[in-house]
Amino acid sequence: MELYFLRHGEADWPAWKKSDDERPLTKHGKKEMREVGKFLERLKVKPALIVTSPLPRASQTADIAADYVKAKLRKDELLAPGFGMNELRTVLKRHRAKSLMLVGHEPDFTNVISKLTGASLKLSKGGVALVDVDPEAEEGKLLWLFPPKFARKAK
């Protein structure tokens, strides 16, 4: 199955006083995610479903991506920070599809991709990776990984 991992965009608010879980995307983060969305559209990325963390920065990222890849969107608490292999198993059973896009957080995504593929990597904010996954074997092959700056340069 195709499994896309999309890390939320920039949500760094230097003077943020509320809970970290409430941080929304910054203006730059929204702009950058629109560039990533256009890039995914040009790549003809067509997941059957986008499943996102319920945190604002992730759900805003997912909303933007969904507009470009024309996919349905669902929130799943399991994609909140703390997402790991156990949560991935449950998410894949809950949201059965041949192609899924997950939207969430670091270091969770890097850890899960590394466990699936054996790759050493870091998923940057707004970065996206595609992994060809065998859910039964819990193994995968990293097909590509793009930081958001690649979307800007690939116009």
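For the structure given in this document, a descriptive report is provided here. None of the values given here were measured: they were computed from a predicted structure.

1. Quick look at helix α2 (residues 56-69)
Here comes step 1: For α2, with 14 residues, the first-to-last C-alpha span of 20 Å sits near the 20 Å given by 1.5 Å per residue.
Here comes step 2: Among all positions of α2, only Arg57, Ala58, Ser59, Thr61, Ala62, Ile64, Ala65, Ala66, Tyr68 and Val69 are buried.
Here comes step 3: Lys70 sits one or two positions beyond α2 and adopts a positive phi of about 55°.

2. Focus: the packing of aromatic side chains
Here comes step 1: Overall, the coordinates contain 7 aromatic pairs when judged by the stated rule.
Here comes step 2: Between Phe83 and Phe109 the ring centres are 5.7 Å apart and the planes differ by 75°, which places this aromatic pair in the edge-to-face class. Of this pair, Phe83 sits in the loop between β3 (72-75) and α3 (85-94) while Phe109 is found in helix α4 (residues 108-117), placing the two residues 26 residues apart along the sequence.
Here comes step 3: Within the aromatic cluster, the residues linked to one another by ring pairs are Tyr4, Phe39, Trp144, Phe146 and Phe150.

3. Notes on a positive patch on the surface
Here comes step 1: On the surface, a cluster of positive charge is made up of Lys30, Arg34, Lys38 and Arg42.
Here comes step 2: Within the element layout of this structure, Arg34 appears in helix α1 (residues 27-42).

4. So, the nonpolar core
Here comes step 1: Leu6, Leu40, Val45, Ile50, Met101, Val103 and Trp144 are the most contacted members of the largest nonpolar core, which has 24 residues in total.
Here comes step 2: Those elements that provide at least two residues to this core are β1 (2-7), α1, α2, β4 (99-104), β5 (128-134) and β6 (139-146).
Here comes step 3: Looking at which element gives the most residues to this core, the answer is α2, with 7 residues.
Here comes step 4: Once residues within four sequence positions are removed from consideration, Ile50 is found in contact with Ala62, Ala65, Ala66, Val69, Ala71, Lys72, Leu73, Arg74, Met101 and Val103.
Here comes step 5: Membership of the second largest hydrophobic core comes to 21 residues, among which are Phe83, Val91, Leu116 and Ala129.

5. Remarks on the pairing of β4
Here comes step 1: Within β4, 6 of the 6 residues are buried, which leaves it mostly tucked inside the rest of the structure.
Here comes step 2: Burial along β4 is two-sided: Ser99, Met101 and Val103 and Leu100, Leu102 and Gly104, pointing in opposite directions, are all buried.
Here comes step 3: In this sheet, β4 lies alongside β1 in parallel orientation, the contact comprising 6 bridges. In the strand pairing of β4, Leu6 is matched with Val103.

What counts and how
- Residues numbered from 1 in each chain as written.
- Predicted model: local features only at pLDDT ≥ 70, side-chain atom pairs only at ≥ 80, totals over all residues.
- Heavy atoms only, no water.
- Helix = DSSP H or I, 4+ residues; strand = E, 2+ residues; numbered from the N terminus.
- Expected span 1.5 Å × (residues − 1).
- Buried < 20%, exposed > 50% of the residue type's maximum accessible area, 1.4 Å probe, protein only.
- Phe/Tyr/Trp six-rings, centres within 6.5 Å; stacked < 30°, edge-to-face > 60°.
- Patch = residues over 30% accessible without salt bridge, like charges linked within 9 Å, V, L, I, M, F, W, Y side chains within 5 Å.
- Areas by Shrake-Rupley, 256 points an atom, 1.4 Å probe, with all protein chains shown as cover.
- Salt bridge = Lys/Arg side-chain N within 4 Å of Asp/Glu carboxyl O.
- Lys, Arg positive; Asp, Glu negative; His and termini not counted.
- Charge placed at Lys NZ, Arg CZ, Asp CG, Glu CD.
- Core = buried A, V, L, I, M, F, W, Y, C linked by side-chain atoms within 4.5 Å.
- Contact = heavy atoms within 4.5 Å.
- Pairing = 2+ DSSP bridges.

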